Amino acid sequence: MQRQFDRHYNPSAIERPWYEHWLELDLFSCPDSTDQPRYSILMPPPNVTGVLTMGHVLNNTIQDLYIRYHRKLGKVACWFPGLDHAGIATQSKVEAELLRTEGKTRWDLGREEFLRRVWQWKEQYGGIILEQLRSLGVSCDWKRTLFTMDESASNAVREVFIRLFDAGLIYRGKRIINWSPVLQSALSDEEVVYRQVEDTLYTLKYQLEGDGDEFVAVATVRPETIFGDVAVAVHPEDERYRHLIGKKVRVPLTDRLVPIIADSYVDPTFGTGCLKITPAHDPNDFEIGVRHSLPVLASINADGRLNHVAGPYEGMERFAARTQIVADLRAAGLLVNEQPYVHNVGFSERSGEPVEPFYSDQWFVRMQPLAEPALQVVLDGTIRFFPEHWTKTYEHWMRNIRDWCISRQLWWGHRIPVYYAADGRYTAARSAEHAREKLGLSPTAELRQDEDSLDTWFSSWLWMLTTMRWLHDGKTEDTPILRTYLPTDLLVTGPDIIFFWVARMIMASLYFRGVVPFRDVYFTSIIRDDKGRKMSKSLGNSPDPLKLIATYGADAVRYTVLYLAPVGQDVRITVDPVTQDAPQMELGRNFANKLWNAARFLALKADEVGVGADRTPQPTDDELGLPERWIRSRLHATIRLVDEHLERYRINDYVRTLYDFFWHDYCDWYIELLKIRLQQLESLQQRQGLVRFSLQVFEDALGLLHPLMPFITEELWHRLGLREPDRSLCTELLPKHNPHFELPHVEQQMALLMNAIEQFRMLKATANLKPTDLPPASFRADGSTAEMLRANAPLIAALARIELPTLVDTNAQKPRGALSAIVGDAEVFIVVGDHVLQRERERLLAERARLEHLLAQTRARLANEQFLQRAKPDVVENERAKEATFAEALEKINASLHHLMEQQ
RNA sequence: GCGGUCUUAGCUCAGUUGGUUAGAGCGUCACGUUGACAUCGUGAAGGCCAGUGGUUCGAGUCCACUAGACCGCACCA
């Protein structure tokens, strides 16, 4: 090998160049159509404002793993990347900047100018996350990158709106919706998060009409809404209030009289049993209002301030008003009681303030008809969820689905393609002309387009279609890409957007295309800190992935994250609060370094024996020794397990399988054995064969590991093979599983050999011998065990660091001054002298106790008639074998103990 | 209130349809550097598998309940 190997692997030197090289070779790009087997994944588009988080790392590493794996199976593997315009996040960001730098609001600029600024911002700062993803090594087909505000996507969004409108699935209606006073926009139910809040429950006096002192007491946590009261409701059966039904009470602090009505919604056991009805500011009150034909009286405006209905409080912010009103009520003697009260309050997920139930005109999608078939495909297994239990959550939501509020009072987003005529009629249309046509108006008729824009998810739910150019011009239904890549094979996403995105994509794909958007959905773990909190920017408990990549290498980060993330379980990553470092990444770094050094060793040996880039000729099967046949057996078991684990999305099993093979089988055992074998073999030709064989196994394993650790595997593959620069491990086929190479008897023999070595080492440690001390050693064995041990005695001696062990006959005496241990059906001894016999005795006694316990357990089982009758025959057989093994071992221990006594 | 998940070594977690003597990494202890790797090697210590009951010949694994941690959804002012 010509290239120099440093003592340590240095990822930063090679990662970026390899990624650029891959792009130059155009390895990730896929044709629009193909006759080959294909595999496709849609990347959940990150927000255009986003920066790389640990969540993205986990998510995209899994996607890259599968894309690379299938590419190496020889498929056309297409990964569709993209960016989400993120209406609220992006608009807020640009508005904040505008306010800071120019002291202006979006209204100061006007819609057109403001949007120009947002686009400007997008061009300048947006989408850096895609750049950051590259440092992770993701192998997307970059030329397919789609931005949800691109013209092609916008055309599809508009067309979809029109179709759903024409089909009666989109409608406009005046409803109580979740309003964000900060964003000045409606929100969908999914954009509201509920949190427990400690509030005060106020009990207010509503005086009965007339001059008397009679009143009803009404409890509320929101006294600032009293100006919107239109009634007080009691339960129809409530004896306390029955006589009052139909009478009128005065709303506190006003002269307004409202009726007392009866409605069974009221819980007579809660509070005072009287409920104030404020239809404009509470969804339940709204329902009651409808039932009783009550007016809707809004007393809070869109900006969260009280309006003229609130009289003197007009213009006050809702929470400031509450404080003032409570003070005034108290002063007026209208406050009967105040008590602490804990309840749930809805907050705007994005802007953080409590949402205001708000009565307004909004656009909705009728979900019921869409949900029905979308639930079906998940229940019948057409789409599979991993882990499966998420289907329950999905089903629960789908069965209780509510209409989707899609209008947002934002500017950044797809504008609602609805046009209003002067006479109040309206329709959804591609253009004003189109609208006039649909409404039967003259070509010059005045039209006004709806000012609102669409919920960001209204473009996201079309992702599998728009990325594949569906309706990119507003009319082309079918494209080669759609025919080739839809349905996609896998979607990898967090369970937190199962409703926002996953469910809605399934609905849209079925409705518009008649197929499912994907076959399998893998829900990732949620990454938490060591205290179990979600990682978030505001808590400052999230490490910067780019920094981790710089410190440990992308491969190490990929490796560690997947190693730590079991299916469906949250994963905890410890973060140093000061340095933001995540020391667990050492796990991956150490593994990468181990690989590097194994390669370094192989390169050294290749130079030593004069092996070059050529892997042929390989030794014939007859020329392979036990260690070679064993490591090949392990390799093929590993190939098989990799397939099985990935097929079942048992990702951390895949990672552990490779770890065990590389570190334990290959490095700890095979390389150590190889060292001895190379010393033993006289013939240069044989030694060359052995090195070529070892390199081949190593390179096959590199292929298996490449989807997980693309950079280091590519680097080593090139170094060890001196490959042409235009070849890449990315597109080399994976090694094929060959069942004939998996040899159980070879694995058994090696297990015995390894066990013998371990027992010798243990005995040496028991005797406090130095590694360099080489005690005399022997085996007591017969049959095939004796044969195997004798044949491999030099290997055992070298690896256990003992003198070449001699074989003694089964009826031979244990040597004087020897320590003993059991290896399968054999015994091994080292001779150390009498000074450690006390320690040996203790060890043997402990071992005897353990064996006696096991033997008793096994015998008890075998003495049980029921067990013998009902257990499967192989289980019983196994139990008998155990009994024999334990009994034999116990006998040997007892003999050793007896022998020990005689020596003392 | 409805639905879901979790509780295994000091820590973080594996443990597939019930069936060998419950595993790994980190940490701890002891020993070890004249060449693949101290980002390493060898050996050791460390577990009533949250608790209780049940099903079974057999339970970490299945069922029920209890306790604790958590996630959805729906919510009474």
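What you see is a predicted model; the values in this text were computed from it and never measured. (Residues numbered from 1 in each chain as written. Chains lettered and ligands numbered in written order. Predicted model: local features only at pLDDT ≥ 70, side-chain atom pairs only at ≥ 80, totals over all residues. Heavy atoms only, no water.)

### Let's talk about the overall build of chain A
Turning to step 1, where the next piece is worked out: Secondary structure summary: chain A contains 29 helices and 29 strands in total.
Turning to step 2, where the next piece is worked out: Against the 2.2 N^0.38 benchmark of 29 Å for 904 residues, chain A shows a C-alpha radius of gyration of 37 Å, more extended than a compact globule.
Turning to step 3, where the next piece is worked out: Considering only residue pairs separated by 6 or more positions, chain A has 77% of its internal contacts joining residues 24 or more positions apart.
Turning to step 4, where the next piece is worked out: A total of about 39,500 Å² of accessible surface is found on chain A, and carbon and sulfur atoms cover 49% of it.
Turning to step 5, where the next piece is worked out: If the 106 positive side-chain charges of chain A are averaged to one point and the 124 negative ones to another, these points end up 1 Å apart. (Helix = DSSP H or I, 4+ residues; strand = E, 2+ residues; numbered from the N terminus. Rg over C-alpha atoms; globule rule 2.2 N^0.38 Å. Contact = heavy atoms within 4.5 Å. Areas by Shrake-Rupley, 256 points an atom, 1.4 Å probe, with all protein chains shown as cover. Lys, Arg positive; Asp, Glu negative; His and termini not counted. Charge placed at Lys NZ, Arg CZ, Asp CG, Glu CD.)

### Let's talk about the protein's contact with RNA strand B
Turning to step 1, where the next piece is worked out: Surrounding RNA strand B, one finds 63 residues, the nearest of these being Asn284, Tyr341, Asn344, Arg870 and Lys882.
Turning to step 2, where the next piece is worked out: Within 4 Å of the protein, atoms of RNA strand B come from sugar and phosphate in 64% of cases.
Turning to step 3, where the next piece is worked out: Interatomic distance of 2.6 Å between a side-chain N/O atom of Arg650 and a phosphate oxygen of RNA strand B.
Turning to step 4, where the next piece is worked out: Between a sugar or linking oxygen of RNA strand B and a side-chain N or O atom of Asn864, the distance comes to 3.0 Å.
Turning to step 5, where the next piece is worked out: A class-by-class count of the residues in the surface near RNA strand B yields 25 nonpolar, 15 polar and 23 charged. (Near = heavy atom within 4 Å. Polar contact = N/O pair within 3.5 Å; in protein donor to acceptor, adjacent residues only side chain to side chain. Nonpolar A, V, L, I, M, F, W, Y, C, P; charged D, E, K, R; others polar.)

### Some points on the nonpolar core
Turning to step 1, where the next piece is worked out: Core analysis: the largest hydrophobic core is formed by 153 residues, its most contacted members being Tyr66, Tyr666 and Phe698.
Turning to step 2, where the next piece is worked out: In terms of nonpolar packing, the next biggest core, distinct from the first, is built from 70 residues, Cys30, Cys78, Leu465 and Ile497 among them. (Core = buried A, V, L, I, M, F, W, Y, C linked by side-chain atoms within 4.5 Å. Buried < 20%, exposed > 50% of the residue type's maximum accessible area, 1.4 Å probe, protein only.)

### Some thoughts on the pattern of salt bridges
Turning to step 1, where the next piece is worked out: According to the stated counting rule, one finds 63 salt bridges in the structure shown.
Turning to step 2, where the next piece is worked out: For Arg402, the salt bridge goes to Asp189, with nearest N and O atoms at 3.2 Å. Of this pair, Arg402 sits in the loop between α11 (390-399) and β16 (404-405) while Asp189 sits in the loop between β6 (185-187) and β7 (192-208), and the two are 213 residues apart along the sequence.
Turning to step 3, where the next piece is worked out: When the shortest N-O distance is used, the salt bridge between Glu338 and Arg330 registers 3.0 Å. (Salt bridge = Lys/Arg side-chain N within 4 Å of Asp/Glu carboxyl O.)

### Here's the deal with the layout of surface pockets
Turning to step 1, where the next piece is worked out: Of the volumes computed, that of the second largest pocket is approximately 310 Å³.
Turning to step 2, where the next piece is worked out: Along the wall of the second largest pocket there are 18 residues; nearest its centre are Ile822, Glu847, Arg850, Leu851 and Ala889.
Turning to step 3, where the next piece is worked out: Put simply, the parts of the chain that give the lining of the second largest pocket at least two residues each are α24 (744-766), β28 (818-823), α27 (837-863) and α29 (873-903).
Turning to step 4, where the next piece is worked out: By residue number, the principal contributor to the lining of the second largest pocket is α27, which donates six residues.
Turning to step 5, where the next piece is worked out: Residues that form the lining of the second largest pocket fall into these classes: 10 nonpolar, five polar and three charged. (1 Å grid on protein atoms, 1.4 Å probe; cavity = no way out; pocket = protein on both sides within 12 Å on 5 of 7 lines; lining within 4 Å. Points joined across faces, edges and corners; volume = space filled by probe spheres on them.)

### Some thoughts on helix α21 (residues 651-680)
Turning to step 1, where the next piece is worked out: The end-to-end C-alpha separation of α21 is 41 Å, in line with the 44 Å expected for 30 residues at 1.5 Å each.
Turning to step 2, where the next piece is worked out: The largest bend in α21 comes to about 40°, at Tyr666.
Turning to step 3, where the next piece is worked out: The buried count for α21 comes to 21 of 30 residues, which makes it a mostly enclosed element. (Expected span 1.5 Å × (residues − 1). Bend = angle between axes of the 7 residues up to and from the residue.)

### Brief notes about the side chain of Asn792
Turning to step 1, where the next piece is worked out: Within the fold, Asn792 resides in the loop between α25 (783-791) and α26 (793-800).
Turning to step 2, where the next piece is worked out: According to the relative accessible area criterion, Asn792 is buried, its value standing at 12%.
Turning to step 3, where the next piece is worked out: Every residue in contact with Asn792, bar those within four places of it in the chain, is listed here: Leu626 and Leu753.

### Description of the pairing of β7
Looking down a regular strand, the side chains alternate between one sheet face and the other.
Turning to step 1, where the next piece is worked out: As defined by bridge partners, β7 adjoins strand β13 (residues 335-348) across 13 bridges and the pair is classed as antiparallel. Note that in β13 the partner of Val192 across the bridge is Ser348.
Turning to step 2, where the next piece is worked out: Here six bridges tie β7 to strand β8 (residues 215-220), and the two strands are oriented antiparallel to one another. Bridged to Lys205 within β8 is Ala217.
Turning to step 3, where the next piece is worked out: Between the antiparallel neighbours β7 and β8 lie six residues, among them Gly210 with a positive phi of about 110°.
Turning to step 4, where the next piece is worked out: Bridge count for β7 against strand β10 (residues 248-250) is two bridges, and the pairing is antiparallel. Opposite Gln207, over in β10, you have Arg250 as the bridge partner. (Pairing = 2+ DSSP bridges.)

### So, the packing of helix α10 (residues 368-379) against α11
Turning to step 1, where the next piece is worked out: Viewed as axis vectors pointing N to C, α10 and α11 meet at an angle of 160°, and their least axial separation amounts to 10 Å. As far as their axial angle goes, α11 and α10 are roughly antiparallel. In the packing of α10 onto α11, the handedness of the crossing is left-handed. Every residue of α11 that contacts α10 at Ala371, Ala374, Leu375, Val378 and Leu379 is listed here: Thr391, Tyr394, Glu395, Met398 and Arg399.
Turning to step 2, where the next piece is worked out: Residue composition of the contact of α10 with α11, grouped by class: seven nonpolar, one polar and two charged. (Axes fitted to C-alpha atoms, helices over the stretch in contact; angles between N-to-C directions. Parallel < 35°, antiparallel > 145°, perpendicular 65-115°, else oblique. Left-handed = near helix turned anticlockwise from the far one by under 90°.)

### A closer look at the environment of Arg719
Turning to step 1, where the next piece is worked out: Note on placement: Arg719 falls in helix α23 (residues 710-721).
Turning to step 2, where the next piece is worked out: The exposure class assigned to Arg719 is buried, which follows from its relative accessible area of 11%.
Turning to step 3, where the next piece is worked out: The spatial distance from the C-alpha of Arg719 to the C-alpha of Phe147 is 39 Å, given a sequence separation of 572 residues.
Turning to step 4, where the next piece is worked out: Here Gln4 takes part through its backbone oxygen, which lies 2.7 Å from a polar atom of the side chain of Arg719.

### Thoughts on the confidence of the model for chain A
Turning to step 1, where the next piece is worked out: Per-residue confidence for chain A gives a mean pLDDT of 90, with 98% of residues at or over 70.
Turning to step 2, where the next piece is worked out: Mean pLDDT across the elements of chain A bottoms out in strand β25 (residues 571-572) (77) and peaks in strand β2 (residues 76-80) (98).
Turning to step 3, where the next piece is worked out: The ipTM, which scores confidence in the relative placement of chains, is 0.94 for this predicted complex, and the corresponding pTM is 0.93. (pLDDT = per-residue confidence, 0-100.)

### Describing the pairing of strand β18 (residues 418-421)
Turning to step 1, where the next piece is worked out: Alternating positions in β18 separate into two faces, Val418 and Tyr420 on one and Tyr419 and Ala421 on the other, with burial throughout.
Turning to step 2, where the next piece is worked out: Relative to strand β19 (residues 426-428), β18 runs antiparallel, the two sharing three bridges. Its bridge partner being in β19, Val418 is matched across the sheet by Ala428.
Turning to step 3, where the next piece is worked out: In this structure, the hairpin formed by β18 and β19 is closed by a connection of four residues, where Gly424 is found at a positive phi of approximately 95°.
Turning to step 4, where the next piece is worked out: Relative to strand β20 (residues 447-449), β18 runs antiparallel, the two sharing three bridges. Bridge pairing links Ala421 to Leu447 in β20.

### Looking at the sheet that holds strand β27 (residues 806-808)
Turning to step 1, where the next piece is worked out: An order of β27-β26-β29-β28 is seen for the four strands of this open sheet, with the pairing classed as mixed. What marks the edges here is a single partner per strand, and that holds for β27 and β28. Neighbour-to-neighbour, the strand axes of the sheet open up by a mean angle of 25°, direction not taken into account.
Turning to step 2, where the next piece is worked out: Pairing of β28 with strand β29 (residues 826-831), which is carried by six bridges, proceeds in the antiparallel orientation. By the bridge assignment for β29, Ile822 is matched with Glu827.

### A closer look at unusual backbone geometry
Turning to step 1, where the next piece is worked out: With an omega of -10°, the peptide bond running from Phe386 to Pro387 counts as cis.
Turning to step 2, where the next piece is worked out: Here Pro387 lies in the loop between β15 (384-386) and α11.
Turning to step 3, where the next piece is worked out: Put simply, Leu486 and Pro487 share a cis peptide bond, and its omega is -5°.
Turning to step 4, where the next piece is worked out: Phi is positive for Gln184, close to 55°, though the residue is something other than glycine.
Turning to step 5, where the next piece is worked out: Here Gln184 shows up in the loop between β5 (170-180) and β6.
Turning to step 6, where the next piece is worked out: Its relative accessible area of 21% is what places Gln184 among the partly exposed residues.
Turning to step 7, where the next piece is worked out: The backbone of Asn768 sits at a positive phi, close to 55°, despite the residue not being glycine.
Turning to step 8, where the next piece is worked out: On the basis of relative accessible area, Asn768 is assigned to the exposed category, the value being 58%.

### Some words on the packing of aromatic side chains
Turning to step 1, where the next piece is worked out: All told, the structure shown has 51 aromatic pairs when counted by the stated rule.
Turning to step 2, where the next piece is worked out: Seen in terms of ring centroids, Phe385 and Phe523 are 5.2 Å apart; in terms of plane orientation they differ by 90°. Their pairing is edge-to-face. Highlighted residues: Phe385 in strand β15 and Phe523 in strand β23 (residues 518-523), separated in sequence by 138 residues.
Turning to step 3, where the next piece is worked out: Judged by its relative accessible area of 3%, Phe385 is buried.
Turning to step 4, where the next piece is worked out: Residues Tyr670 and Phe693 carry aromatic rings whose centres are separated by 6.5 Å and whose planes lie at 65° to one another, so their mutual orientation is edge-to-face. In this pair, Tyr670 is assigned in helix α21 and Phe693 in helix α22 (residues 684-705), connecting sequence segments 23 residues apart.
Turning to step 5, where the next piece is worked out: Taken together through their ring pairs, the aromatic side chains of Tyr559, Tyr563, Phe591, Tyr659, Phe661, Phe662, Trp663, Tyr666, Tyr670, Phe693 and Phe698 make up a single cluster.
Turning to step 6, where the next piece is worked out: The residue whose ring lies beneath Arg195 is Phe347, and the NZ or CZ to ring-centre distance is 4.1 Å. (Phe/Tyr/Trp six-rings, centres within 6.5 Å; stacked < 30°, edge-to-face > 60°. Lys NZ or Arg CZ within 6 Å of the ring centre and 35° of its normal.)

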